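# Observations on chain architecture
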Amino acid sequence: EGSFNIIKNFNQRSAQTEINDVSMLSFYALYLLSLGYILYRISFDFYHLFQKTIPILAIVYSIGIVLFLFIIKYIFFKIFAWTFNLTTTLKQYFLNVALVYKLSAIVLFPLSILLIISTNKASIFLLKIAIFVFVIGILIRTIRNAGLIKYQLSKNFLHFILYLCTFEIIPLLLLFKYIN
């Protein structure tokens, strides 16, 4: 009877882990799709890019750029964590970031749907709201990870400077360069 309970508990935990993994992937997908579409609309409405491009191709291109930046950022984080033996800190960082991405996806996805069906004046207002939500997400992510940063800063200032430049500032600069 005792071994049956152990197997039952293990199966329940395995099923719960699979559900959590699918849930996380779904939120990441919603976040990336929403962010890609919002990037497309910002590029189209404010910078007049993609004027002569088929809209669906421009949207896929924008989503691809966002996905590419996220993959590059993830790879650099993994290399950085492996190099400086910070895998535990990286896991905590990803948990904090995942929470912010979930919350942002919950807000940005409906905004993206509203952007699709809105008129021109309403879409400008919705884009400004989406930009505000994105900036608030960055601020929340930074505040939530401030403890990790403070701990790492107390250990080594060079690691903090590398983190800040490589993972926070450069991706935003690349995104702004793409928009301009």
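Structure shown above.
I will try to describe carefully the structure that is included in this document. These numbers come from a predicted model, not from an experiment. (Residues numbered from 1 in each chain as written. Predicted model: local features only at pLDDT ≥ 70, side-chain atom pairs only at ≥ 80, totals over all residues. Heavy atoms only, no water.)

### As for the overall build of the chain
Within the chain, the regular secondary structure consists of 6 helices and 0 strands. Mapped from its N terminus to its C terminus, the chain presents α and β elements in the order α-α-α-α-α-α. For the chain, the proportion of its 180 residues judged to be buried stands at 34%. Residue pairs in contact within the chain that sit at least 24 positions apart in sequence constitute 75% of those at least 6 positions apart. (Helix = DSSP H or I, 4+ residues; strand = E, 2+ residues; numbered from the N terminus. Buried < 20%, exposed > 50% of the residue type's maximum accessible area, 1.4 Å probe, protein only. Contact = heavy atoms within 4.5 Å.)

### What to know about a nonpolar patch on the surface
Among the surface-exposed residues, Phe 46, Tyr 47, Ile 131, Phe 132, Val 135, Ile 136, Leu 139, Ile 140 and Ile 143 lie close enough to one another that they form a single nonpolar patch of about 800 Å² accessible area. For Ile 143, the position within the fold is in helix α4 (residues 120–144). In this structure Ile 143 comes out as exposed when scored by relative accessible area, which is 65%. (Patch = residues over 30% accessible without salt bridge, like charges linked within 9 Å, V, L, I, M, F, W, Y side chains within 5 Å. Areas by Shrake-Rupley, 256 points an atom, 1.4 Å probe, with all protein chains shown as cover. Salt bridge = Lys/Arg side-chain N within 4 Å of Asp/Glu carboxyl O.)

### Let's talk about the pattern of salt bridges
Scanning all chains against the criterion turns up 1 salt bridge. We note a salt bridge from Arg 41 to Asp 45, for which the minimum N-O separation is 3.1 Å. Remark: Asp 45 and Arg 41 occur in helix α1 (residues 2–45); sequence separation between them is 4 residues, near one turn of the helix. Among the residues examined, Asp 45 registers a relative accessible area of 15% and is labelled buried.

### Quick look at helix α2 (residues 55–83)
Counted at 1.5 Å a residue, the expected span for α2 with its 29 residues is 42 Å, and the 42 Å between its end C-alpha atoms agrees. Note on α2: the residue one or two positions beyond its end, Asn 85, has a positive phi of about 55°. (Expected span 1.5 Å × (residues − 1).)

### Concerning the side chain of Arg 41
Since its relative accessible area comes to 11%, Arg 41 is described here as buried. Of note is the side chain of Arg 41, whose polar atom sits 2.9 Å from the backbone oxygen of Leu 115. Beyond its immediate stretch of four places on either side in the chain, Arg 41 contacts Phe 46, Leu 115, Ile 116, Ser 123 and Leu 127. (Polar contact = N/O pair within 3.5 Å; in protein donor to acceptor, adjacent residues only side chain to side chain.)

### Points about the environment of Leu 39
As for its position among the elements, Leu 39 is in helix α1. Residue class for Leu 39 comes out buried when judged on its relative accessible area of 6%. Taking C-alpha positions, Leu 39 is 9.4 Å from Ile 65, a pair spaced 26 residues apart along the chain.

### Structural notes on the packing of aromatic side chains
In the structure shown here, the tally under the stated rule is 12 aromatic pairs. When the centroid spacing of 5.9 Å and the interplanar angle of 80° are considered together, the rings of Tyr 31 and Phe 70 count as edge-to-face. Remark: Phe 70 occurs in helix α2 and Tyr 31 occurs in helix α1; sequence separation between them is 39 residues. Ring pairs connect the aromatic residues Tyr 37, Tyr 40, Phe 44, Phe 50 and Tyr 61, which therefore count as one cluster. (Phe/Tyr/Trp six-rings, centres within 6.5 Å; stacked < 30°, edge-to-face > 60°.)

### Structural notes on helix α3 (residues 87–117)
Given 3.6 residues to a turn, an α-helix orients residues that are three or four positions apart in the same direction. The end-to-end C-alpha distance of α3 is 43 Å, a good match for the 45 Å that 31 residues give at a rise of 1.5 Å each. The largest bend in α3 comes to about 30°, at Ala 105. (Bend = angle between axes of the 7 residues up to and from the residue.)

As far as function goes, none of this settles anything; it's purely spatial.
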